[in-house]
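Close look at the chain arrangement
Spelled out from the first residue to the last, the chains are:
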Amino acid sequence: MENQADKRALRTIRKLNAIRHKQAQKIDILCNDMVLANKDVIEQLRILTYTVDFYESISGEVDMTVLLDKGARQVRQFVQDCNVAIFLSNSNGFELHMADDTPIEVDGSKIESYFTEEVVNDICRSNKICSLDDMCKIGLQGNPNVFNNISAAAVPLGRFSEPVGFILICRSAENKLTSGELEKVATITPGLRNAINACQSIMPEILGD
């Protein structure tokens, strides 16, 4: 009788240990999910802080060059070691604003010089983040050696709205641009677009004075 009781007790202990093991695994999974979720929340808060600070920095800015320089600097907060150029469409074609410092140089060529008025307008109207392949399909043509050595993308200034322009971001092909980086840049484009529109509306008044 004692042996049977011991066996039953042993089976019960084994079942309890198995249940504890499964519960421990579930707790580990839950903890890992919570840690990952917290990391995501912290990253989202960091992006939000950058965006709010940027909007505050451009509020009321009436100098277009200063405004676009601030925009380029903010892009580099999200995308490290990149070149930034901002294209603005207008009735005469387009305007190009280059950021002061350019970390990468490819064969002494600049990808910005390959953009025509038609390509700029088509990218503006696309209302989406365009990869280099997308831009080539639209009609961008240039030196293949340049294209093979860079990772590039165009982020529209305010998606699902009237075309204003786009931000061209370039980096070495060895360090390809990521969708996460480009989506971060997209968070600042609505505010930058509004500031550009406001600045453009004020400039004729300033020139008239």
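Reference entry: report on the structure contained in this document. (Residues numbered from 1 in each chain as written. Predicted model: local features only at pLDDT ≥ 70, side-chain atom pairs only at ≥ 80, totals over all residues. Heavy atoms only, no water.)

Thoughts on the overall build of the protein chain
In terms of regular secondary structure, the protein chain is built from 7 helices and 5 strands. Shown N-terminal to C-terminal, the secondary structure of the protein chain runs as helices and strands in the order α-α-β-β-α-β-α-α-β-β-α-α. A total of 209 residues make up the protein chain; the buried ones form 36% of that total. Considering only intrachain contacts with a sequence separation of at least 6, the fraction spanning at least 24 residues in the protein chain is 62%. Total accessible area computed for the protein chain in this model is approximately 12,700 Å², and 52% of it derives from carbon and sulfur atoms. (Helix = DSSP H or I, 4+ residues; strand = E, 2+ residues; numbered from the N terminus. Buried < 20%, exposed > 50% of the residue type's maximum accessible area, 1.4 Å probe, protein only. Contact = heavy atoms within 4.5 Å. Areas by Shrake-Rupley, 256 points an atom, 1.4 Å probe, with all protein chains shown as cover.)

Some thoughts on the pairing of strand β5 (residues 165-172)
For β5, the buried fraction is high: 7 of the 8 residues fall into the buried class. Examined bridge by bridge, strand β1 (residues 83-90) and β5 share 6 bridges and lie antiparallel to one another. From the neighbouring strand, I86 faces β5, where its bridge partner is I167. Pairing of strand β4 (residues 150-156) with β5 involves 7 bridges; the strand directions are antiparallel. For S151, the partnering residue across the bridge sits in β5 and is R171. (Pairing = 2+ DSSP bridges.)

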